[in-house]
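Survey of secondary and tertiary structure
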Amino acid sequence: ADGAAGERLRTRIAAELDHGRRRSVALTLEALDEDELLAQHSPLMSPLVWDLAHVGNYEEQWLVRAAAGGEALRPDIDVLYDAFENPRAERVSLPLLTPREARDYNARVRARVLDALERARFDSGAPLLDGGFVYHMVIQHEHQHDETMLATHQLRRGRPVLPGLTAPPPRPAPDTRRPAEVLVEAGPFTMGTDDDPWAYDNERPAHTVDLPAFRIDTAAVTNAAHLDFIADGGYDDPRWWSPRGWEWRTRSGKRAPAFWIRDTGGGWLRRRMGRVEPLPPEEPVQHVCYYEAEAHARWAGKRLPTEAEWEKAARHDPATGASRRHPWGDADPAPRHANLGQRLLRPAPAGAFPDGAAPCGALQMLGDVWEWTATDFTGYPGFAAFPYREYSEVFFGGDYKVLRGGSWATHPTAVRATFRNWDHPIRRQIFSGFRCARDADPDEGGRRGGGR
Ligand code: AVJ
Ligand code: FE
């Protein structure tokens, strides 16, 4: 028996499984009628009913079959919900479960899972179950798809359906006197983790990375700052764009972030979950691709942070030399720390959440918008795929940039300062923004900066 700790973990897991399912249901069955659930809202996305049954099928495969050794409920549908077999644009033409069938299937899987959870032991040395790993993986998987479903909602045309859209934006008193940048001194820090019971394989193993001193923006780049970039002709000036970025810029014809709309008066509006509203200047810019982030940073005389710089700024505590789980410490994310978990359907103003500051003073490293980094997605030294290659390893070396920190849509269980996300550099339907960095001046921060 795994004692009181095991009992606490089982209770927490049951609660988190339930939170995830309530969220999926709110984004599908409660939000939209059958036609809209089956429809393809964008070639970039699955029909929502695919995500819904995929989440149940993943749970069946990992918790019913792999972890508990139970009998398969619907082995016949595995092939429909295999993300590698079926590109997103083609899923609409598969013989998918109907919304009702998907809901019933998910409920049957969940009943088996809760039954198995009663008997699960987390200290038996079985790698899949150790510390609750595979349950945590499945909980995070559902939340990741819930964020994906929110991106589908954002792309969808038609009447707004999500509750909370018209609520006034909260004003957690952004610190307008905050410094524009903070300094991170030269030296080593621990990147990644060996023992976080929620960490994916790509966050492991912990390893030391030694960095020169650098400066990083205190908060993410705002809509106002991006408007300055636009007003200065940034989208038309090849000096700021990398060759691949300029190719994207000219081929796509894009000259503003996705979902921005030019007002007849010359100002800017944005479409958010079906609602058109004035563009809020103080919010982090959202729905930019990697190339736009890269060009803006160069125009500003800066660059994007590397992934290692981002993680060091987010969690390295120079007072102890240790790396924290979250910027503010090891405590689980609470509403005062960060804008996570779809409490709002938007980013909070840049400069908010002083209680969530990192040791270096950077704000909002978790929540609000995913932040593009300059780094390609690869495995850390000593990487070992676990428990399956298709979560991360098959993407290593592909055309993917790492994003860090989670967005307003990311559930608190599905992000931490070690969490790594990745996407193609042209993608803009995700809740993506950025902050800039630059080498420290030669006379500050210890060992001088240099090329990388
Ligand atoms: C880690 C967010 C890139 O959504 O493609 C979902 C997560 N993996 N199902 C994705 C994932 C399998 C993945 N990302
Ligand atoms: Fe998935």
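Located above this text is the structure these notes cover.
Below is a short write-up of the structure. Because the structure is predicted, anything quoted here is derived from the model rather than measured.

Details of the packing of aromatic side chains
- One pass over the structure, following the stated rule, counts 26 aromatic pairs.
- When the centroid spacing of 5.6 Å and the interplanar angle of 55° are considered together, the rings of Tyr 235 and Trp 241 count as tilted.
- Overall, the relative accessible area of 2% leaves Tyr 235 in the buried class.
- With relative accessibility at 4%, the residue Trp 241 sits in the buried group.
- With 5.0 Å between their ring centres and 70° between their planes, Phe 377 and Phe 396 make a pair best called edge-to-face. With Phe 377 in the loop between β8 (370-376) and β9 (401-404) and Phe 396 in the loop between β8 and β9, the pair connects residues that are 19 residues apart, well separated along the chain.
- On the accessibility criterion, Phe 377 (1% relative accessible area) is buried.
- Positioned over the ring face of Trp 50 is Arg 91, at 3.7 Å from the centre of the ring.

Some points on the site of ligand 1
- Around ligand 1, the neighbouring residues are His 141, Gln 144, His 145, Tyr 391, Asn 421 and Trp 422.
- Here a nitrogen atom of ligand 1 sits 3.1 Å away from a polar atom, N or O, in the side chain of His 141.
- When the free accessible area of ligand 1 is taken as 350 Å², the share hidden by the protein chains comes to 75%.
- Mapped onto the shell around ligand 1, the elements with two or more residues apiece are α5 (133-155) and β10 (421-423).
- Sort the elements by how many residues they give to the shell around ligand 1 and α5 lands first, with three residues.
- The class makeup of the residues in the shell around ligand 1 is two nonpolar, four polar and no charged.

Let's talk about the coordination of the iron ion (ligand 2)
- For the iron ion (ligand 2), the protein coordination sphere consists of His 54 (NE2), His 141 (NE2) and His 145 (NE2), at 2.1 to 2.2 Å.
- Each of the four donor atoms bound to the iron ion (ligand 2) contributes to angles spanning 89 to 171°, and the resulting shape is irregular.
- Each donor residue of the iron ion (ligand 2) belongs to the same chain, and together they define the spacing H-x86-H-x3-H. Of this pair, His 54 sits in helix α3 (residues 48-67) while His 145 sits in helix α5, and the two are 91 residues apart along the sequence.
- We classify His 54 as buried; its relative accessible area is 8%.

Digging into the sheet that holds strand β6 (residues 268-272)
- On the basis of which strands lie adjacent, the open sheet formed by three strands has the order β5-β6-β7 and antiparallel pairing. Only two strands of the sheet have a single neighbouring strand rather than two, namely β5 (260-262) and β7 (275-278). This sheet shows a mean twist of 35° between the axes of neighbouring strands, independent of strand direction.
- The pairing of β5 with β6 spans three bridges and is classified as antiparallel. Residue pairing for β6: Trp 260 is matched across the bridge by Arg 270.

Quick notes on empty space enclosed by the protein
- Applying the stated criterion to the full structure yields one cavity of 30 Å³ or more.
- Estimated volume of the largest cavity: approximately 110 Å³.
- Residue lining of the largest cavity: 16 residues in total, with Phe 259, Arg 270, Arg 271, Gln 286 and His 287 positioned closest to the centre.
- Per-element tally for the lining of the largest cavity: the top contributor is β6, with three residues.
- A class-by-class count of the residues in the lining of the largest cavity yields nine nonpolar, four polar and three charged.

Regarding the layout of surface pockets
- If you add up the space inside the largest pocket, you get close to 1,400 Å³.
- Forming the walls of the largest pocket are 41 residues, and the residues nearest its centre are Ala 83, Arg 88, His 145, Phe 395 and Trp 422.
- The element that contributes the greatest number of residues to the lining of the largest pocket is α5, accounting for seven residues.
- Taken together, the residues that form the lining of the largest pocket break down as 21 nonpolar, 12 polar and eight charged.

Concerning the sheet that holds strand β11 (residues 432-433)
- Taken in spatial order, the four strands line up as β10-β9-β8-β11 in an open sheet, and their pairing is mixed. The open sheet terminates on both sides in strands that have one partner only, identified here as β10 and β11.
- Both β8 and β9 contribute to a ladder of three bridges, which runs antiparallel. Counterpart to Asp 376 in the pairing with β9 is Lys 401.

Structural notes on the side chain of Thr 413
- Mapped onto the secondary structure, Thr 413 falls in the loop between β9 and β10.
- On the accessibility criterion, Thr 413 (6% relative accessible area) is buried.
- Among the polar contacts made by the side chain of Thr 413, one reaches the side chain of His 411 at a distance of 2.8 Å.
- Excluding its chain neighbours within four sequence positions, the residues that come into contact with Thr 413 are Arg 12, Glu 16, Ile 139, Gln 140, His 143 and Trp 198.

Examining helix α8 (residues 290-299)
- The buried count for α8 comes to eight of 10 residues, which makes it a mostly enclosed element.
- Those residues of α8 that sit buried are Tyr 290, Tyr 291, Glu 292, Ala 293, Glu 294, Ala 295, His 296 and Ala 297.
- Contact partners of the buried residues in α8: α6 (223-231), α7 (243-252), β8 and β9.
- Immediately beyond the C-terminal end of α8, within one or two residues, lies Gly 301, with a positive phi of roughly 80°.

Structural notes on unusual backbone geometry
- With an omega of -15°, the peptide bond running from Arg 204 to Pro 205 counts as cis.
- By the secondary structure assignment, Pro 205 is in the loop between β2 (187-191) and β3 (207-211).
- Here the residue pair Phe 386 and Pro 387 is connected by a cis peptide bond, since its omega of -5° sits within 30 degrees of zero.
- Take Pro 387: it is sitting in the loop between β8 and β9.

Definitions and limits used
- Residues numbered from 1 in each chain as written.
- Chains lettered and ligands numbered in written order.
- Predicted model: local features only at pLDDT ≥ 70, side-chain atom pairs only at ≥ 80, totals over all residues.
- Heavy atoms only, no water.
- Phe/Tyr/Trp six-rings, centres within 6.5 Å; stacked < 30°, edge-to-face > 60°.
- Buried < 20%, exposed > 50% of the residue type's maximum accessible area, 1.4 Å probe, protein only.
- Helix = DSSP H or I, 4+ residues; strand = E, 2+ residues; numbered from the N terminus.
- Lys NZ or Arg CZ within 6 Å of the ring centre and 35° of its normal.
- Near = heavy atom within 4 Å.
- Polar contact = N/O pair within 3.5 Å; in protein donor to acceptor, adjacent residues only side chain to side chain.
- Areas by Shrake-Rupley, 256 points an atom, 1.4 Å probe, with all protein chains shown as cover.
- Nonpolar A, V, L, I, M, F, W, Y, C, P; charged D, E, K, R; others polar.
- Donors = N, O, S within 2.8 Å, 3.2 Å for Na, K, Ca; no water.
- Tetrahedral: all angles 85-135°; square planar, octahedral: opposite > 155°, others 65-115°.
- Pairing = 2+ DSSP bridges.
- Axes fitted to C-alpha atoms, helices over the stretch in contact; angles between N-to-C directions.
- 1 Å grid on protein atoms, 1.4 Å probe; cavity = no way out; pocket = protein on both sides within 12 Å on 5 of 7 lines; lining within 4 Å.
- Points joined across faces, edges and corners; volume = space filled by probe spheres on them.
- Contact = heavy atoms within 4.5 Å.

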